[in-house]
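Structure assessment
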Amino acid sequence: MLTIKRFTVNDMTEGCVTDLKQPVFSFALESNKQNVSLQEATFTIGNWQRKVNTQIGIKYNGPELAPFTAYKVSLEVVDNYGETATTSLTFETGFLENPFQAKWITNGSYHFTERKVSPKPMHFKRQFSCEKKVVKARLYSTALGIYEAKLNGEKIGTDYFAPGFTSYKHQLQYQTYDVTEQLTTSNELLFTVAGGWAVGAFTYARRNRVYAKRQALLCELHMEYEDGTKEIITSDETFSVTMDGHIKEAEFYNGEVYDATVNMDNSKWEKVSIEQVKIKPEILAQYGLPVRAKEAFEPIASHKAKSGMWIYDLGQNFAGVISAKLKGEKGQKITFNHAEVVMEGELFTEPLRSAKQESVYICKDGVQSYSPTMTYMGFRYVGVTGIEPEDLELTARALYSNVEETGFFECSNDMLNQLQSNIKWGTKSNFVDIPTDCPQRDERMGWTGDIALFASTASYNFNTRRFYDKWLRDVQKEQNRGGGIPVTVPLVRVPFQWEIMIPMAVDHWGDACILVPWAEYLSRGDVGILKQMYPTMKKYVKACKFWAELFSVGKHRRVWRLLHHYGDWVAPEGGLMTWMGRGKWTATASLANTTNLLSQIAEILDQPEDAKYYKNLSEEAADAYRSLLMDKDCRVKKEFQTAYVLPLHYKMLNRADASKAAEHLARMIRDNNYHIGTGFPGTPYVLFALADNGCIDEAYKMLLTDSRPSWLFQIKAGATTIWERWDALREDGTSNTGADDGTNGMVSFNHFANGAVGDFMYRRIAGIEPIEGGYKTFKIEPILGGGLTYAKAEVETAYGKVISHWDLNDDGFFIEIHVPVGTTCNLTLPNGKSYVLHSGYYQFQEDREEIENAI
């Protein structure tokens with residue numbers, strides 16, 4: 001039987017409100033037969049109809065869509081057996097380039113001039129009546145700052161930190177909420193607007209008022225009555241504002257102060273002012289994913305510290321907020337402090353630097369509940385003062401962007417399974433509207449290098465389409481005139497940090513403009529992301545080429561030395577100057593890799609001349625690396641692991657040279673007792689560089705090493721997320737805070753970058769790897785080793801679920817796989833036997849002795 005498993009518009013199955021003139025449709029099919037493929041699909045909207053024989057990235061090309069209108073899309077599919085299936089979905093349009101009738105409003109009497117702090121939250125109110133029955137009501141709202149809306153005392157929607165973090169000077173999202181059921185005859189609309197990213201203190205320099213001098217609100221409430229009439233309430237002079245609300249302070253770094261004793265009916269309300277906003281962003285219906293409350297946690301232990309603080313262990317490091325049910329007295333002050341680690345029985349807060357990570361709740365009388373809404377913390381431990389444990393019921397909720405989990409990995413090694421969990425939680429904790437570096441200290445910025453190197457792993461575990469799309473829009477807008485990509489996006493300049501202040505190309509960090517869309521294309525298959533980013537990619541590579549050629553001649557024009565490189569960032573050995581001193585190796589390899597990828601992308605986009613040009617440029621950079629940065633035996637003079645990893649994984653060497661480089665790498669790793677020695681650029685690829693070049697044993701031994709520095713040392717030390725540093729904690733329980741290596745107190749216990757090893761677990765242990773975008777063609781080719789006796793992985797692709805489940809036991813090698821409808825799998829067994837398979841479930845079994853002889 002043929003069924004439509006998933007049908008999306010702009011990658012949403014429901015609730016889509018769009019300002020795109022050409023919404024994009026995709027669908028996945030499921031069948032109980034083998035060798036099923038799509039014959040034809042028919043889309044219908046009103047009188048418009050389109051027939052296609054593809055499943056991914058189908059654009060609407062019918063009559064112009066009307067604003068504020070609901071459209072039903074019907075889909076009928078026919079497969080190659082003649083079986084049919086139908087389904088439908090509904091989407092709505094937003095403003096569609098029409099301007100808001102509303103005005104930006106603010107508290108004109110509030111003059112916020114302090115530095116390095118965040119503004120006081122503003123509270124806006126509008127009362128109105130509905131004398132007739134409302135059949136449809138939509139609230140369209142946005143802010144400079146972050147906001148929460150309530151209607152008649154009830155929260156509107158389930159979002160946190162709306163409108164989200166974008167490059168505000170270029171683009172700003174607005175949200176759409178269905179409030180039909182919340183309306184009554186007499187109504188009160190209430191907004192709380194805090195400083196957030198736009199106005200509040202942000203970056204470790206604690207810059208504030210980056211985009212606006214104070215908060216501002218823009219909203220429209222559209223109502224349709226039963227008799228067919230319509231009414232629009234807009235933000236204007238009819239709104240009132242007060243600074244005397246429940247939320248007294250709100251900031252991402254410092255936290256929140258909430259006063260439950262406040263009666264807002266008695267607050268001093270005044271008429272709003274019309275704000276003259278200095279920036280002119282394009283205001284668009286939300287195109288990213290909202291931040292939502294997710295998993296709930298209860299304490300697994302608690303103790304009273306010597307300081308008198310009660311410390312609760314929630315068992316998992318994550319980004320989120322506490323949720324407290326408590327019994328208190330009016331005026332009682334309760335303080336919740338947060339940390340990732342406990343040392344000597346107390347919260348270890350040194351890594352937070354200037355961030356307080358503190359929520360303060362001032363009680364009213366009786367039983368009450370509290371959970372912050374205008375901040376979030378990175379923590380596992382909560383320290384509580386001001387209340388006794390018997391009067392407090394403490395839980396917590398994870399907060400992260402509403403990404404759908406698409407990947408599952410499990411194997412016979414429990415420590416690797418915990419590593420997989422740590423990788424997922426590192427992702428969730430740092431997918432808070434943008435891909436951040438960490439969720440706890442005074443940073444939480446969109447560092448491009450972290451996500452560039454982690455994008456592929458994230459795309460196995462989660463549907464990253466809308467999340468990446470949103471961030472990549474900012475990457476495009478923030479690209480400087482010379483083609484360089486800022487090292488943080490959205491860009492907030494940090495005084496006296498020159499790699500952020502000066503427009504330049506930075507290897508592997510700027511590569512995000514290529515590596516992230518490439519990972520997304522391979523994962524989801526929509527060529528639209530490549531088309532969108534192609535001009536940005538070309539401009540970036542031109543900038544890389546410029547910096548490589550500056551003051552150079554001959555082959556040296558392809559060795560990229562200038563201007564700034566992070567190099568082998570946070571490698572276990574050395575410090576800042578050592579890591580950055582390796583920049584010409586990492587940068588030259590980056591140039592070879594990005595131009596090679598750009599050549600492949602040009603071919604996909606039918607740009608043959610570009611493809612040839614970038615292929616030649618890639619080969620020249622690879623030759624320069626081999627000729628000038630290695631000796632005749634492919635040896636690097638001052639060896640470091642990453643110097644071999646990158647040319648091996650980026651396929652910059654011929655077969656003979658790759659064999660030599662792989663042996664040098666394997667020797668270094670053996671001599672280092674199989675410990676990791678790579679920084680950010682090399683870590684995602686070190687196991688591939690080994691396993692794909694005949695050093696499978698070394699790859700597995702490195703993966704399974706559990707002494708420092710290694711992935712599994714973190715597991716042995718009790719980590720539940722991925723660390724920024726390999727020695728964030730040492731064997732003696734002390735922490736490396738970076739005080740002696742030039743990084744100024746830089747240590748995080750929740751940093752996803754080194755979790756890029758997850759790519760190896762899916763691609764080599766389970767063997768699942770896309771060949772063509774969206775897994776239209778993919779391979780399953782597990783590599784056995786490390787004493788593993790089974791591995792099971794599932795990836796929910798754009799076409800459906802791919803499964804690879806293998807067992808190695810006394811009876812032999814057994815593998816079960818699933819190939820989604822419309823895709824082709826190239827299966828290679830460990831004994832070298834290969835098969836080309838189309839959709840369906842398959843099982844294969846091979847003799848154990850034959851498998852062991854082959855490996």
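Residues numbered from 1 in each chain as written. Predicted model: local features only at pLDDT ≥ 70, side-chain atom pairs only at ≥ 80, totals over all residues. Heavy atoms only, no water.

1. Comments concerning the pattern of salt bridges
Tallying each qualifying case throughout the model produces 56 salt bridges. For Glu796, the salt bridge is made with Lys5, and the minimal N-O distance between the two is 2.9 Å. One end of the pair, Glu796, is in strand 41 (residues 790–796); the other, Lys5, is in strand 1 (residues 2–9), with 791 residues separating them in the sequence. A salt bridge links Glu850 to Lys833, with the shortest nitrogen-to-oxygen separation between them at 4.0 Å. On the criterion of sequence distance, the pair formed by Glu850 in helix 17 (residues 848–854) and Lys833 in the loop between strand 44 (824–828) and strand 45 (834–837) is long-range, its members being 17 residues apart. For Lys833, a relative accessible area of 35% translates into the label partly exposed. Here the salt bridges share partners, and the residues they tie into one network are Asp692, Asp759, Arg763, Arg764, Glu769, Lys779 and Glu781. (Salt bridge = Lys/Arg side-chain N within 4 Å of Asp/Glu carboxyl O. Helix = DSSP H or I, 4+ residues; strand = E, 2+ residues; numbered from the N terminus. Buried < 20%, exposed > 50% of the residue type's maximum accessible area, 1.4 Å probe, protein only.)

2. Some remarks on the sheet that holds strand 7 (residues 70–79)
The strands that make up a sheet pair up through hydrogen bonds in the backbone, lying either parallel or antiparallel. Judged by pairing direction, the sheet is mixed, and its 5 strands sit side by side in the order 2-8-7-4-5 without closing on themselves. In this open sheet, the two edge strands, each paired with only one partner strand, are strand 2 (17–18) and strand 5 (48–52). When strand 4 (residues 38–45) meets strand 7, the two strands line up antiparallel, connected through 6 bridges. The residue of strand 7 that forms the bridge with Phe43 is Leu75. (Pairing = 2+ DSSP bridges.)

3. Thoughts on the layout of surface pockets
If you add up the space inside the largest pocket, you get close to 1300 Å³. For the lining of the largest pocket, the secondary-structure elements that each account for two or more residues are strand 1, strand 2, strand 3 (24–31), strand 23 (282–285), helix 4 (465–478) and helix 7 (528–549). Sort the elements by how many residues they give to the lining of the largest pocket and helix 4 lands first, with 6 residues. One number sums up the size of the second largest pocket: a volume of about 1000 Å³. Lining the second largest pocket we find 38 residues, and of these Trp518, Leu597, Gln600, His649 and Glu769 sit closest to its centre. Among the elements that take part in the lining of the second largest pocket, helix 9 (residues 583–604) stands out by supplying 6 residues, more than any other. Split by residue class, the lining of the second largest pocket holds 20 nonpolar, 8 polar and 10 charged. (1 Å grid on protein atoms, 1.4 Å probe; cavity = no way out; pocket = protein on both sides within 12 Å on 5 of 7 lines; lining within 4 Å. Points joined across faces, edges and corners; volume = space filled by probe spheres on them. Nonpolar A, V, L, I, M, F, W, Y, C, P; charged D, E, K, R; others polar.)

4. A closer look at the packing of helix 2 (residues 414–430) against helix 3 (residues 448–461)
Running from N to C, helix 2 and helix 3 point in directions that differ by 100°, and their axes come no closer than 11 Å. Classified by the interaxial angle, the pair formed by helix 2 and helix 3 is roughly perpendicular. Along its contact with helix 2, which presents Gln420, Ile423, Lys424 and Thr427, the element helix 3 presents Phe454, Thr457, Ala458 and Asn461. Tallied by class, residues from the contact of helix 2 with helix 3 come to 3 nonpolar, 4 polar and 1 charged. (Axes fitted to C-alpha atoms, helices over the stretch in contact; angles between N-to-C directions. Parallel < 35°, antiparallel > 145°, perpendicular 65-115°, else oblique. Contact = heavy atoms within 4.5 Å.)

5. Re the sheet that holds strand 3
Strand order in this open sheet of 3 strands is 1-3-6, and the pairing throughout is antiparallel. Taken across any chain shown, the strands that pair with only one partner, and hence form the sheet edges, are strand 1 and strand 6 (58–59).

6. Things to note about unusual backbone geometry
One can expect most non-glycine residues to show negative phi and most peptide bonds to be in trans. Cis rather than trans, the peptide bond between Val489 and Pro490 has omega equal to -5°. Inspection of the secondary structure assignment puts Pro490 in the loop between helix 4 and helix 5 (498–501). With phi around 65°, Lys116 is a residue other than glycine that occupies positive phi space. Overall, the relative accessible area of 47% leaves Lys116 in the partly exposed class.

7. Comments concerning empty space enclosed by the protein
Applying the stated criterion to the full structure yields 6 cavities of 30 Å³ or more. If you add up the space inside the largest cavity, you get close to 70 Å³. Lining the largest cavity are Ser456, Ser459, Tyr460, Ala519, Leu522, Ser523, Arg763, Pro770 and Tyr775. Secondary-structure elements contributing two or more residues to the lining of the largest cavity are helix 3 and helix 6 (512–524).

8. Describing the packing of aromatic side chains
For the structure on display, the rule yields 58 aromatic pairs. Ring geometry for Trp48 versus Tyr60: centroids 4.7 Å apart, planes at 65°, classification edge-to-face. Residue Trp48 is found in strand 5, and its partner Tyr60 is found in the loop between strand 6 and strand 7; the two are separated by 12 residues along the sequence. With a centroid separation of 6.1 Å and an interplanar angle of 65°, the aromatic rings of Phe409 and Tyr762 are classed as edge-to-face. Taken together, the positions of Phe409 in strand 35 (residues 407–411) and Tyr762 in helix 16 (residues 758–765) put the pair 353 residues apart, joining distant regions of the chain. (Phe/Tyr/Trp six-rings, centres within 6.5 Å; stacked < 30°, edge-to-face > 60°.)

9. Quick notes on helix 3
Taking 1.5 Å as the rise per residue, helix 3 with 14 residues should run 20 Å; its terminal C-alpha atoms sit 19 Å apart, in good agreement. Considering bend angle alone, the principal kink of helix 3 is centred on Ala455 and spans about 55°. With respect to burial, helix 3 is a largely interior element, 14 of its 14 residues being buried. (Expected span 1.5 Å × (residues − 1). Bend = angle between axes of the 7 residues up to and from the residue.)

10. Quick look at the nonpolar core
Counting 246 residues, the largest nonpolar core has Phe191, Phe336, Leu419 and Ile765 as the members making the most contacts within it. Residue contributions to this core peak at 11 residues, all from helix 7. Counting 27 residues, the second largest nonpolar core, distinct from the first, contains Ile4, Val52, Tyr71 and Val73. (Core = buried A, V, L, I, M, F, W, Y, C linked by side-chain atoms within 4.5 Å.)

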